[in-house]
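Next come the chains, spelled out residue by residue.
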Amino acid sequence: MTAPNIDPPRPTDPADEKPGDAPPSDFIRAIVTDDIASGKWGGRVATRFPPEPNGYLHIGHATSIWLNFGVAEQFGGTCNLRFDDTNPTTEDMEYVEAIQRDIRWLGYDWADRKFHASDYFEELYQHAVHLIRTGKAYVDDLNEVEIREYRGTIKEPGRPSLYRDRSVEENLELFARMKAGEFEDGRRVLRAKIDLAANNMLMRDPVLYRIICRAHHYRTGDQWHMYPMYDFTHCLSDSIEDITHSLCTLEFENNRELYDWVLDNTPVDHHPQQIEFARRNLSYTVMSKRKLLVLVQEGHVSGWDDPRMPTISGLRHRGYTPGSIRNFCDRAGIAKTQNVTDLAQLEFSIRDDLNQRVPRVLAVLRPLKVVIENYPEEQREELEAPYYPHDVPKEGSRRLPFSREILIERDDFHEDPPKGFFRMAPGREVRLRYAYIIRCERVIRDEATDEVTELRCSYDPATRGGDAPDGRKVKGTIHWVCAEHSLPLEVRLYDRLFTHEDPAGQEADFRTFLNPASLEILTASRIEPSVAEAAAGDRFQFERQGYFVVDQDSAEGALVVNRTVTLRDTWAKISGDGHSARRSAAAAEKAAEKAAVKERQRRQSLAAAAPAELDDLTPEVQAELERYRDTLGLPEQDARLLATDADLGRLFAEAIEVCAHPQTVANWIVNELRRELKGRPPGDLPFAGRQLGELVSLIITDTISGKIAKGVFADMLATGEDPATIVARKGLEQVTDAGELGTLVDRVLDENSDKVEEYRAGKTALLGFFVGQVMRASRGKANPGLANNLLKSRLDGDGAETSV
């Protein structure tokens, strides 16, 4: 396993430092605010980030780090770093060091508050002995499979183990022998004695300790031969450290009852409060450390820090900044229900961050030679070029060498150009960025392969800087480098690791969806000479290409760069509701095909309605178009429409001030709003852009579904009312309370017991039927993602397997 190759201990760029903006607000911070106001915990706030050191941190952990350290900082409290190291078979010092490195790189520090669960092994053991002495724990000889069988189902209570009624004395003796290492792995366990008929399957005598004799613990060595389970360790560690708010992801919601039971039945002085939030799931990737380990061990990636991995070290290697990840967490926020965040949001965050920070340079990735035949052979000149565009508050420039032979991007030439292609073609003029207008006169081909190897062109000496004194219009502008003075460059083009937006949620193995084009290495690229002194970690925007970072593999005269992100979202798709529940692979393909047809029709409509002079844009409009397209990631036609229509552009600007999801806002303006306007000016609308942004935010936060949003939108058009007011007045909020929705799910399963049996017999496609029944019973208000999760939990019996 490789160590991260770009590894500053803390942010070194001032722009990476944590901003002083108003702190975020969410339901957890509201709880903390109320607790402080009521005097709970004496007004004290103490959180913790408790990773298990069995892998590298990923973007989901970054949300927990941002939340736990951020809440502590916001309320003047403390945040501990605690390694939950109770499984010696998977944990390693390598991971401990990597976790600490990643947290510091993100800009957070635990000061002197670093702890390990293994520090508390003796204290935890004594608490277990207390449970045995009070008749609330027993040593069981059942194996893992038998424990599951005896635990029962959601409709049937569990059966008691034959060993459940052992005497206190026998249990104490056996537990001491477990500690001494007298039994083989898996031979016995210690279980809590609670309630075998409990509705919460986790409370049916969960396992507290298991025997692991043959593994060497990275800190305690061979001192211990049995180790406590997470549910026993976590709550007691929180208590020992005087944590006030124990913030956990939503999969531990059912564990809260056990968390409280352990603390209520052991002699502790402090009982923290567990609060759950939805974990960060990201599209087009996997977040399971087990699956990520498979990718590393099987060689699908080069290591934990491979730039295609969602790990913090992988993102750092790819060129992401600490500030961009924190800003992503700020924008995405936290929720009470499980959801999937579009990877495009993370990509938007890094584009938005780097756009204001990094210099622009010219690089040609796939070169095509151009000879300017009327340019003097011995002439050399230098052209002034700014590092930053006019809308970036930074200054600086460099000199670009220019001569008779230059290199352009092979994709910028088309011998038989299609409609709408305004770059280089035979007999056509194009503008060279910062240089001259040139015309393609001849095409040179390789006699053996018939491949185009060279273009012979002419230039207009009067057009230095790109403007024609005679006022003629040149539609295309392309980038270039000087053939003689440019530098060699190896370019590693990284893309999404998976082709499916939910690779782990399909019936097929997640590796089936690995993207064979996730890495392309170009070795013949060239770059302008101003970057000759660039060092590992330096970042640039390659104009018209994307953002890149210099890799540590670079050597003198041999630069290597990694693509961080393209200038726009090349995976963007148009869909009415990107926040609906997971679909099956077949349904997803059908939806994608339908969306593609709608998108083609929409673009054809835009093209038909767009006047020809749209291609002759003023510099101001062109700059706005580029900002929409390259910084905000909008598709070309959407960006062009918003840049050229002042009213729609104003509406869009107002909307994204309250909703940091520009692509979704643009989709609503281009698709829904323009259809309703029917040619009328946007000024006739009874509401402002702010209200449209608020409507989109209600969808993003799962307050309402995309389908319900369209009805709210119709009411806004008719009345001008705020969307939140309409939703509240009509009671349209999605049902997101797990308890309330769980009751509905149980009723649906009871009413369709025959189909439950069919599902459990292997007909898993019935999951869609059950989701539909829940949606119908809730009159469309159930959160489909939560309904899906609750149904799967009950149908698959996941809760019964959590503790073992």
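As the structure is a computational prediction, the values presented were derived from the model and not from experiment. (Residues numbered from 1 in each chain as written. Predicted model: local features only at pLDDT ≥ 70, side-chain atom pairs only at ≥ 80, totals over all residues. Heavy atoms only, no water.)

Draft legend 1. Representation of the overall build of the chain within the structure. A tally of helices and strands in the chain yields 24 helices and 27 strands. A buried classification covers 52% of the 804 residues belonging to the chain. Pairs at least 24 residues apart make up 72% of the contacts formed inside the chain by residues separated by at least 6 positions. Here the chain displays about 34,800 Å² of accessible surface, and carbon together with sulfur accounts for 47% of that area. (Helix = DSSP H or I, 4+ residues; strand = E, 2+ residues; numbered from the N terminus. Buried < 20%, exposed > 50% of the residue type's maximum accessible area, 1.4 Å probe, protein only. Contact = heavy atoms within 4.5 Å. Areas by Shrake-Rupley, 256 points an atom, 1.4 Å probe, with all protein chains shown as cover.)

Draft legend 2. Structural context of the sheet that holds strand S13 (residues 363-364). Here seven strands make up an open sheet; going across it, the order is S12-S25-S26-S27-S23-S24-S13 and the pairing mixed. Looking at the sheet topology across the chains shown, the edges are occupied by strand S12 (360-361) and S13. Taken together, the seven bridges between strand S23 (residues 487-494) and strand S24 (residues 519-527) define a ladder with antiparallel strand orientation. Paired with Leu-493 across the bridge in S24 is Glu-520. The sheet contacts of helix H12 (residues 343-355) involve S12, strand S25 (539-542), strand S26 (546-550) and strand S27 (559-566), and relative to S27 the element is tilted by about 120 degrees. (Pairing = 2+ DSSP bridges. Axes fitted to C-alpha atoms, helices over the stretch in contact; angles between N-to-C directions.)

Draft legend 3. Fine view of the sheet that holds strand S2 (residues 78-83). Here three strands make up an open sheet; going across it, the order is S1-S2-S3 and the pairing parallel. Strands with a single pairing partner mark the edges of an open sheet, and in this sheet they are strand S1 (46-49) and strand S3 (114-116). The sheet shows a mean angle of 35 degrees between the axes of neighbouring strands, taken without regard to direction. Helix H3 (residues 93-106) rests against S1, S2 and S3 of the sheet, and its axis sits at about 155 degrees to S2.

Draft legend 4. Summary view of the nonpolar core. Grouped together as the largest cluster of nonpolar side chains are 45 residues, with contacts concentrated most on Ile-28, Ile-59 and Ile-103. Mapped by element, the contributors of at least two residues to this core are helix H1 (27-38), helix H2 (59-74), S2, H3, strand S9 (273-277), helix H10 (312-318), helix H11 (322-332) and H12. The greatest single-element share of this core, amounting to eight residues, is contributed by H2. Dropping the residues within four chain positions of it, Ile-59 is found in contact with Arg-280, Leu-282, Met-287, Pro-310, Ile-312, Leu-315, Ile-325, Phe-328 and Leu-346. Among the nonpolar cores identified, the runner-up in size contains 38 residues, and Cys-659, Leu-677, Leu-685 and Ile-699 belong to it. (Core = buried A, V, L, I, M, F, W, Y, C linked by side-chain atoms within 4.5 Å.)

Draft legend 5. Broad picture of the environment of Pro-389. Within the element layout of this structure, Pro-389 appears in the loop between strand S15 (381-386) and strand S16 (397-402). Residues Pro-389 and Asn-355 lie 34 residues apart in sequence; the distance between their C-alpha atoms is 9.5 Å.

Draft legend 6. Expanded view of the pairing of S26. For S26, the tally of buried residues reaches five of five residues, placing the bulk of the element in the interior. Hairpin connection, S25 to S26: the antiparallel pair is bridged by three residues, and Arg-544 has positive phi, about 70 degrees. Two strands pair when backbone bridges link them, and S26 and S27 are joined in this way by five bridges, in the antiparallel orientation. Across the sheet, Val-550 pairs through a bridge with Val-561, a residue of S27.

Draft legend 7. View of the confidence of the model for the chain. Per-residue confidence for the chain gives a mean pLDDT of 86, with 89% of residues at or over 70. Scored below 50 in pLDDT, residues 1-12 shows 39 contacts in the model against residues more than four places distant or in partner chains. Counting interchain partners and residues more than four positions distant, the pLDDT-below-50 stretch residues 573-615 has 40 contacts. (pLDDT = per-residue confidence, 0-100.)

Draft legend 8. Focus on unusual backbone geometry. Look at Asp-242: it is not a glycine, yet its phi comes out positive at around 60 degrees. Residue placement: Asp-242 occurs in the loop between helix H7 (230-240) and strand S8 (245-249). Under the relative-accessibility criterion, Asp-242 is labelled partly exposed at 37%. Phi is positive for Tyr-434, close to 70 degrees, though the residue is something other than glycine. The residue Tyr-434 is located in the loop between strand S18 (429-432) and strand S19 (437-445) in this model. Residue classification places Tyr-434 among the buried positions, given a relative accessible area of 16%.

Draft legend 9. Spotlight on the packing of aromatic side chains. The tally for this structure, following the rule as stated, stands at 23 aromatic pairs. Ring plane angle 45 degrees and centroid distance 6.2 Å describe the contact between Phe-498 and Phe-510, whose orientation is recorded as tilted. Of the two residues, Phe-498 sits in the loop between S23 and S24 while Phe-510 sits in the loop between S23 and S24, which places them 12 residues apart along the sequence. For Phe-498, a relative accessible area of 0% gives the class buried. On the accessibility criterion, Phe-510 (7% relative accessible area) is buried. Ring geometry for Trp-668 against Phe-713: centres 5.5 Å apart, planes inclined by 80 degrees, an arrangement best described as edge-to-face. Separated by 45 residues along the polypeptide, Trp-668 in helix H17 (residues 662-677) and Phe-713 in helix H19 (residues 706-719) bring together distant segments of the chain. One aromatic cluster in this structure is built from Phe-121, Tyr-125, Phe-175, Tyr-209, Trp-224, Tyr-227 and Phe-232. A cation sits over an aromatic face here: Arg-29 above Trp-66, 5.2 Å from the ring centre. (Phe/Tyr/Trp six-rings, centres within 6.5 Å; stacked < 30°, edge-to-face > 60°. Lys NZ or Arg CZ within 6 Å of the ring centre and 35° of its normal.)

Draft legend 10. View of helix H8 (residues 256-264). Turning to H8, its buried residues number three or more, namely Leu-258, Tyr-259, Trp-261, Val-262 and Leu-263. For H8, the secondary structure elements touched by its buried residues are helix H4 (121-133), strand S5 (189-192), H7, S8 and S9.

Draft legend 11. Quick peek at the pairing of S8. Of all five residues in S8, five are buried; the element is thus mostly enclosed. Side chains His-245, Leu-247 and Thr-249 of S8 all project onto a buried face; the interleaved residues Ser-246 and Cys-248 project onto the opposite face, where all are buried too. As judged from the five bridges shared by S8 and S9, these two strands associate in the parallel manner. Bridge pairing links Ser-246 to Gln-274 in S9. Following the chain from S8 across H8 to the adjacent parallel S9, one finds a crossover that is right-handed. (Right-handed = clockwise from strand over helix to strand, strands pointing away.)

Draft legend 12. Structural view of helix H18 (residues 689-700). Helix length check: H18 (12 residues) gives 17 Å between terminal C-alpha atoms against 16 Å at 1.5 Å per residue, within 8%. For H18, the tally of buried residues reaches nine of 12 residues, placing the bulk of the element in the interior. Every buried residue of H18 is accounted for by Gly-689, Gln-691, Leu-692, Gly-693, Leu-695, Val-696, Leu-698, Ile-699 and Ile-700. Each element contacted by the buried residues of H18 is listed here: helix H16 (646-658), H17, H19 and helix H20 (723-730). (Expected span 1.5 Å × (residues − 1).)

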